[in-house]
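A closer look at the structure
Okay, here's what each chain looks like letter by letter:
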Amino acid sequence: MPAYLARITVSPVLDAEERLGMGDALGAHDDHEEAEGSVTFLVLGEAPDLATASSAAYEHATSLLDGYVFEVVVSDLP
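Note that the structure is predicted; figures quoted are calculated from it, not measured. Chains are numbered independently. Their residues run from 1 in the order of the written sequence. In keeping with the model being predicted, local features are shown solely for residues with a pLDDT of at least 70 and side-chain atom pairs are shown and tallied solely at 80 or more, while totals for entire chains, interfaces and linings include all residues. To get the side-chain values, take all heavy atoms of the structure and skip hydrogens and water.

Here we look at the nonpolar core
To form a nonpolar core, buried Ala, Val, Leu, Ile, Met, Phe, Trp, Tyr and Cys residues must be joined to one another through side-chain atoms within 4.5 Å. Using a 1.4 Å probe on the protein chains alone, a residue whose accessible area is under 20% of its type maximum counts as buried, one over 50% counts as exposed, and one in between counts as partly exposed. Ile8, Val10 and Leu65 are the most contacted members of the largest nonpolar core, which has 16 residues in total. A contact between two residues is defined here by any heavy atoms of the two lying within 4.5 Å. The residues touching Ile8, leaving out its near neighbours within four places in the chain, are Leu26, Val39, Thr40, Phe41, Val43, Ala61, Leu65, Glu71 and Val72.

Overview of helix α2 (residues 50-64)
Helix and strand assignments come from DSSP, with helices taken as H or I runs of at least 4 residues and strands as E runs of at least 2, each series counted from the N terminus. Residue count minus one, scaled by 1.5 Å, sets the expected span of a helix. For α2, built from 15 residues, the straight-helix expectation of 21 Å at 1.5 Å per residue is met to within 8% by its first-to-last C-alpha distance of 21 Å. Taken together, the buried positions of α2 are occupied by Ala53, Ala57 and Ala61. On an axial view of α2, the arc spanned by its buried residues comes to 60 degrees, and they lie on one face. Away from its buried face, by an angle of more than 90 degrees, α2 presents the exposed residues Ala51, Glu59 and Ser63. The secondary structure elements touched by the buried residues of α2 are β1 (3-11), α1 (16-26) and β4 (69-76). Directions from the helix axis toward the C-beta atoms define the arc.

The values reported here are purely geometric and, on their own, carry no functional implication.
Rendered as structure tokens:
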């Protein structure tokens, strides 16, 4: 099955404890801080196609990030 990378950017993330909890809940492989207090979490996954991967990543983020502003961008992994 093809592998995908979801970049889930959340804002604002107020402190390190909140950032760690979000990363754990999302199953993030890594994260990095963006401008203005945003954090981008990198989440690896597998799906039969990009549309399915994008939908699954968005639903996963929606279920965990209630009350936060976030953006999900999914791309193929080579």
